[in-house]
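The residues making up each chain are set out below.
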Amino acid sequence: MPKINFDPRAKFLVFIVACVFCMNVSEPLPAVAFGTFVWVLLVLSGKPRSGTIMYLTFMACTVWAFLIITFTSTVWTMPLMALFVYGRIYIPMIMSFVFVFQTTKISEFMAAFEKIHAPSAVIIPFAIFFRFMPTVQEEWKGISQAMAFRGIGLKFSSIFFHPIQTAEYILVPLLSSCVGVMDELVAASLARGLDSDKKRTCFLEVSMKLQDYFIMMIALGFLMLK
Amino acid sequence: MIKFTDVSYTYPTGNGITSVNNLNLHIKKGEFIVLCGKSGCGKTTVTRIINKLIPFFYEGELTGEVLINGQDIKEENISDMASICGSVFQNPKSQFFNMETDGELAFGCENLQLPKEEILARMERTVKALSLEKLMNRSIFELSGGEKQQIACGSVYATNPEIYVLDEPSSNLDIGAIERLRNVLATLKKQGKTIIISEHRLYYLSELADRFLYFDNGKLDREYTPLQLKSLQPQELSNLGLRAINLSKLDFDINAIKEGEVAMNIRNLLYKRKDRTILDIKELEISKNCILAIIGKNGAGKTTLAEILCGFIKATVSIEIDNKLVKPKERTIKSYMVMQDVNRQLFCENVLEEIRLGAKNSGEEYLLGLLKEMDLLQFKDRHPASLSGGQKQRVAICASISAQKDIAIYDEPTSGLDYTGMQNLCELILKTSKNNLLNLIITHDIELILGCCTHVLELKNNPIIYSLDKEGTALLKDFFAC
């Protein structure tokens with residue numbers, strides 16, 4: 001299936017709407033409608049696999065939360081219900097987060113927001129944030145391997161019985177290597193001419209198309225619904 | 001083109017040690033300069049002054065005058081410099097701003113505010129000139145180190161600067177990629193570009209360079225023409241702390257060990273990623289206590305093989321250690337990898353704690369003895385993060401010994417090491433190899449292989465394993481084309 005490339009601005013609006021909408025909606029049906037909307041967007045922009053996994057998890061949470069609330073409400077089911085409700089609220093937000101940050105090229109993102117005259121002091125930190133996430137992911141993979149070699153691999157028991165020790169094992173190398181990578185990254189970007197005082201150009205065509213206005217309308221529609 | 005007059009520089013965190021000391025240097029347009037010397041001699045600092053990261057990014061004290069194209073570097077802004085001077089850095093992991101290769105190629109041009117059509121045309125030219133066709137439209141995170149370095153070169157090439165500054169660009173490259181890098185550099189030289197390159201590996205530059213500048217403790221100590229450098233005896237080179245200039249002059253006379261008992265048996269290994277076969281090994285026997293070098297082109301699956309052996313990646317395979325079938329989880333427990341980025345594998349507050357971590361049953365005495373043997377005793381109370389790269393690596397190796405693992409794996413341990421560092425590493429590996437059933441070294445460095453390995457596994461369509469006897473060294477020479 002051909003990928004549809006939505007405009008970063010439209011994606012960002014969807015993300016903001018997701019944050020506002022999901023925090024405020026308490027009925028399951030509108031939540032399902034919104035979740036489905038973001039799922040469709042993810043599938044269209046080339047994330048069918050991870051999108052569907054998240055969507056199914058979200059649906060399961062919503063259904064379970066509904067069932068528990070309707071049929072039982074004892075002290076014992078409360079924590080379980082809370083867990084499912086959290087899933088219902090946060091998963092669509094995570095999905096729209098993925099929609100913004102994993103289907104957009106950095107170059108595209110910067111160009112789109114320069115077009116609406118967003119200041120570079122806002123755009124560049126965001127762009128760096130884009131780049132930071134996969135870095136953390138990559139470092140995390142390496143560190144968890146290193147932990148396994150040392151016999152301090154992540155296990156339920158270690159998280160449960162020595163939470164602080166475990167957090168330290170993860171955070172110390174994670175922070176030190178992420179800081180190192182980001183430091184070098186900034187140096188490299190500066191040396192290659194990234195500068196907040198200048199407008200950049202973009203090698204991709206960035207413009208709002210019909211499809212972008214369409215998804216923005218739907219997103220705003222959800223806000224109205226609320 | 002570039003003129004240094006009485007230049008000195010001290011890093012803010014340098015404890016008062018001047019990284020570059022009273023440097024006077026004149027580089028003419030179109031010259032090809034190689035900066036060489038031991039680790040920490042100041043050669044990287046010189047590249048940073050030329051691309052203006054000093055003083056614009058790295059603060060600290062810069063005295064003297066640096067003129068580039070007649071302009072004082074303190075006057076202009078760093079972003080104006082990008083159109084004159086293109087930089088390629090050592091660490092392929094941290095020099096990409098974008099997450100996909102296309103955007104990365106365009107990045108420099110976009111910063112120069114070139115129009116879209118021009119950028120696309122330049123990208124096309126770059127792809128052709130550096131043969132990057134296969135790498136286009138890919139995620140940066142799925143490329144190997146060597147492939148990343150090619151993209152980094154491409155991104156600079158697209159901006160078409162007058163000056164190229166490269167800081168140890170070959171650190172993570174295999175022999176083929178180094179050959180391609182050499183070709184790119186030759187093209188640039190032909191176009192009359194000024195090239196300044198800081199490097200430990202010298203052999204691939206011997207035909208290209210006009211001058212080799214040897215730095216020692218921040219001082220420009222000596223200058224060599226390629227002919228002078230080539231006429232130095234291997235002993236003289238190693239006294240200077242320099243790596244080989246001519247690979248065929250290396251000492252290929254190794255005491256090959258006889259085949260011993262089989263320690264590990266790998267059968268029917270098949271690993272695919274997205275329908276692409278990465279590894280396909282029918283049968284492989286590795287003998288006891290051998291030090292096996294794993295070589296192959298970038299992307300041949302060296303790291304993947306190591307990760308499969310350690311049980312991190314699932315693949316269809318049956319692996320026997322000492323004639324017993326071993327499951328992935330058990331392999332993780334039995335093995336230890338000294339990673340390329342050692343920062344990732346140091347967890348504790350001080351060095352002693354670090355080596356005690358995997359060795360719950362060992363007494364204090366044993367650990368202190370081990371530290372002494374590894375020349376780390378004076379650091380036992382230091383925080384691992386405060387040590388130098390080579391020292392961190394030593395701590396990591398020490399931790400593997402104290403944990404008494406069966407399989408020790410080194411993932412490109414020499415990237416960024418100078419001759420002395422490599423020599424020390426060889427001795428360390430030889431010394432500790434007896435403790436392990438198996439020692440595997442993923443490497444691109446023939447000097448390391450000749451320095452300590454006993455066997456070589458060459459990964460390709462039909463992987464072959466050979467011991468480094470006469471025939472073996474012939475095969476090895478063949479692989480490294482020397």
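Residues numbered from 1 in each chain as written. Chains lettered and ligands numbered in written order. Predicted model: local features only at pLDDT ≥ 70, side-chain atom pairs only at ≥ 80, totals over all residues. Heavy atoms only, no water.

## Some words on the overall build of chain B
Tallying secondary structure elements over chain B gives 17 helices and 20 strands in all. Relative to its length of 482 residues, chain B is compact, with a C-alpha radius of gyration of 23 Å against a globular reference of 23 Å. Projected onto its principal axes, the C-alpha coordinates of chain B cover approximately 70 × 50 × 45 Å. The buried share among the 482 residues of chain B stands at 59%. Sequence-distant contacts, at least 24 apart, represent 68% of the contacts inside chain B between residues at least 6 apart. Here chain B displays about 20100 Å² of accessible surface, and carbon together with sulfur accounts for 46% of that area. Averaging the locations of the 58 positively and 63 negatively charged side chains of chain B gives two centres separated by 3 Å. (Helix = DSSP H or I, 4+ residues; strand = E, 2+ residues; numbered from the N terminus. Rg over C-alpha atoms; globule rule 2.2 N^0.38 Å. Buried < 20%, exposed > 50% of the residue type's maximum accessible area, 1.4 Å probe, protein only. Contact = heavy atoms within 4.5 Å. Areas by Shrake-Rupley, 256 points an atom, 1.4 Å probe, with all protein chains shown as cover. Lys, Arg positive; Asp, Glu negative; His and termini not counted. Charge placed at Lys NZ, Arg CZ, Asp CG, Glu CD.)

## Re unusual backbone geometry
Residues and elements named next belong to chain B. Geometrically, the link from isoleucine 54 to proline 55 is a cis peptide bond, its omega value of 10 degrees lying close to zero. Positionally, proline 55 belongs in helix H2 (residues 53-56). A positive phi is found at asparagine 137, a non-glycine position, where the angle reads about 60 degrees. Here asparagine 137 shows up in the loop between helix H5 (116-129) and helix H6 (145-159). Accessibility expressed as a relative area gives 61% for asparagine 137, which makes it exposed. A positive phi angle is found at aspartate 322, which is not glycine, with a value near 50 degrees. Position of aspartate 322 relative to the elements: it lies in the loop between strand S14 (316-321) and strand S15 (324-325). When its relative accessible area of 37% is taken as the criterion, aspartate 322 is described as partly exposed.

## A look at the domain arrangement of chain A
Residue and element names in this part refer to chain A. Partitioning chain A into structural domains gives domain 1 (8-104 + 206-225) and domain 2 (117-191). Computed over C-alpha atoms, the centres of domain 1 and domain 2 are 27 Å apart. At the junction of the two partners, domain 1 supplies 5 residues and domain 2 supplies 4 residues. Carbon and sulfur atoms make up 87% of the area that domain 1 and domain 2 hide from each other, which totals about 430 Å². The largest share of the area that domain 1 buries against domain 2 comes from Phe12, Phe97 and Phe101, three residues that together contribute 78% of it. Viewed at the interface, domain 2 and domain 1 are joined by 0 salt bridges. The tally of links between domain 1 and domain 2 comes to 0 residue pairs in polar contact (both at pLDDT 80 or more). (Domains from an automatic or database assignment. Buried area = accessible area lost by both parts, 1.4 Å probe. Salt bridge = Lys/Arg side-chain N within 4 Å of Asp/Glu carboxyl O. Polar contact = N/O pair within 3.5 Å; in protein donor to acceptor, adjacent residues only side chain to side chain.)

## Comments concerning the pattern of salt bridges
Overall, the coordinates contain 31 salt bridges over all chains when judged by the stated rule. Across the pair Arg344(B) and Glu139(A) runs a salt bridge whose closest N-O atoms are separated by 3.1 Å. Taken together, the residues span two chains, with Arg344(B) in the loop between strand S16 (335-338) and helix H12 (351-356) and Glu139(A) in helix H6 (residues 120-149). The buried category is assigned to Arg344(B), whose relative accessible area is 14%. Between Arg356(B) and Glu353(B) there is a salt bridge, with the nearest N and O atoms lying 3.1 Å from each other. Of this pair, Arg356(B) and Glu353(B) both sit in helix H12, 3 residues apart, roughly one helical turn. Judged by its relative accessible area of 28%, Arg356(B) is partly exposed. When its relative accessible area of 33% is taken as the criterion, Glu353(B) is described as partly exposed.

## Thoughts on the interface of chain A and chain B
Size of an interface, as often reported, equals the accessible area lost when the parts are brought together. With 51 residues of chain A at the contact, the number on the chain B side is 60 residues. Interface area, chain A with chain B, both sides summed: about 5000 Å², of which 58% is carbon and sulfur. Applying the counting criterion to the chain A and chain B interface returns 6 salt bridges. Viewed at the interface, chain B and chain A are joined by 21 residue pairs in polar contact (both at pLDDT 80 or more). Elements supplying a minimum of two residues to the side of chain A that touches chain B: helix H5 (106-115), H6 and helix H8 (163-191) of chain A. With 16 residues, H6(A) is the single largest residue contributor to the side of chain A that touches chain B. For the side of chain A that touches chain B, the residue count by class is 26 nonpolar, 10 polar and 15 charged. (Nonpolar A, V, L, I, M, F, W, Y, C, P; charged D, E, K, R; others polar.)

## Side note on the layout of surface pockets
Its boundaries defined by the atoms lining it, the second largest pocket holds a volume of some 620 Å³. Residue lining of the second largest pocket: 22 residues in total, with Ala148(A), Phe149(A), Gly151(A), Thr332(B) and Ile333(B) positioned closest to the centre. If you list the elements that add at least two residues to the lining of the second largest pocket, you get H6 of chain A together with helix H11 (328-334) of chain B. Taken together, the residues of the lining of the second largest pocket sort by class into 7 nonpolar, 8 polar and 7 charged. (1 Å grid on protein atoms, 1.4 Å probe; cavity = no way out; pocket = protein on both sides within 12 Å on 5 of 7 lines; lining within 4 Å. Points joined across faces, edges and corners; volume = space filled by probe spheres on them.)

## Some remarks on the sheet that holds strand S10 (residues 219-224) of chain B
Residue and element names in this part refer to chain B. Spatially, 6 strands are ordered S6-S7-S8-S3-S9-S10 in an open sheet, and the strand pairing comes out mixed. Across the chains shown, the open sheet's two edge strands, defined by having one partner strand only, are strand S6 (85-88) and S10. Along the sheet, successive strands turn relative to each other by an average axial angle of 20 degrees, direction set aside. Inspection of the sheet shows S6 paired to strand S7 (residues 163-167) by 4 bridges, in the parallel sense. By the bridge assignment, serine 87 is partnered in S7 with valine 165. Strands S6 and S7 of the sheet are contacted by H6, whose axis makes an angle of about 175 degrees with S6. (Pairing = 2+ DSSP bridges. Axes fitted to C-alpha atoms, helices over the stretch in contact; angles between N-to-C directions.)

## Overview of a nonpolar patch on the surface
All names here are of chain A. There is a patch of nonpolar side chains on the surface, built from Val63, Trp64, Phe66, Leu67 and Phe71 and spanning about 540 Å² of accessible area. For valine 63, the location among the structural elements is in helix H3 (residues 48-71). Among the residues examined, valine 63 registers a relative accessible area of 45% and is labelled partly exposed. (Patch = residues over 30% accessible without salt bridge, like charges linked within 9 Å, V, L, I, M, F, W, Y side chains within 5 Å.)

## A look at the packing of aromatic side chains
Residues and elements named next belong to chain A. Tallied over the full model, the rule gives 33 aromatic pairs over all chains. Summarising the aromatic geometry, the rings of phenylalanine 97 and phenylalanine 129 are spaced 6.5 Å apart at their centres and angled 70 degrees between planes, so their arrangement reads as edge-to-face. With phenylalanine 97 in helix H4 (residues 78-101) and phenylalanine 129 in helix H6, this pair connects stretches of sequence that are 32 residues apart. Assessed through its relative accessible area of 36%, phenylalanine 129 is described here as partly exposed. Ring pairs connect the aromatic residues Phe12, Phe15, Phe97, Phe101, Phe109, Phe113, Phe126, Phe129 and Phe130, which therefore count as one cluster. Between the NZ or CZ atom of lysine 11 and the centre of the ring of phenylalanine 99, over which it lies, the distance is 5.8 Å. (Phe/Tyr/Trp six-rings, centres within 6.5 Å; stacked < 30°, edge-to-face > 60°. Lys NZ or Arg CZ within 6 Å of the ring centre and 35° of its normal.)

## Re the domain arrangement of chain B
Residues and elements named next belong to chain B. Split by domain assignment, chain B resolves into domain 1 (2-249) and domain 2 (262-481). In this structure, domain 1 and domain 2 have C-alpha centres spaced 30 Å apart. Across the boundary between the two partners, domain 1 contributes 23 residues, which contact 23 residues of domain 2. In total, about 1700 Å² of surface goes out of reach between domain 1 and domain 2, with carbon and sulfur atoms giving 46% of it. Looking at the side of domain 1 facing domain 2, the largest losses of area belong to Asp174, Ile175 and Arg243, adding up to 33% of the total buried there. Run the count over domain 1 and domain 2 and you get 3 salt bridges. We note a salt bridge from aspartate 445 to arginine 201, for which the minimum N-O separation is 3.4 Å.

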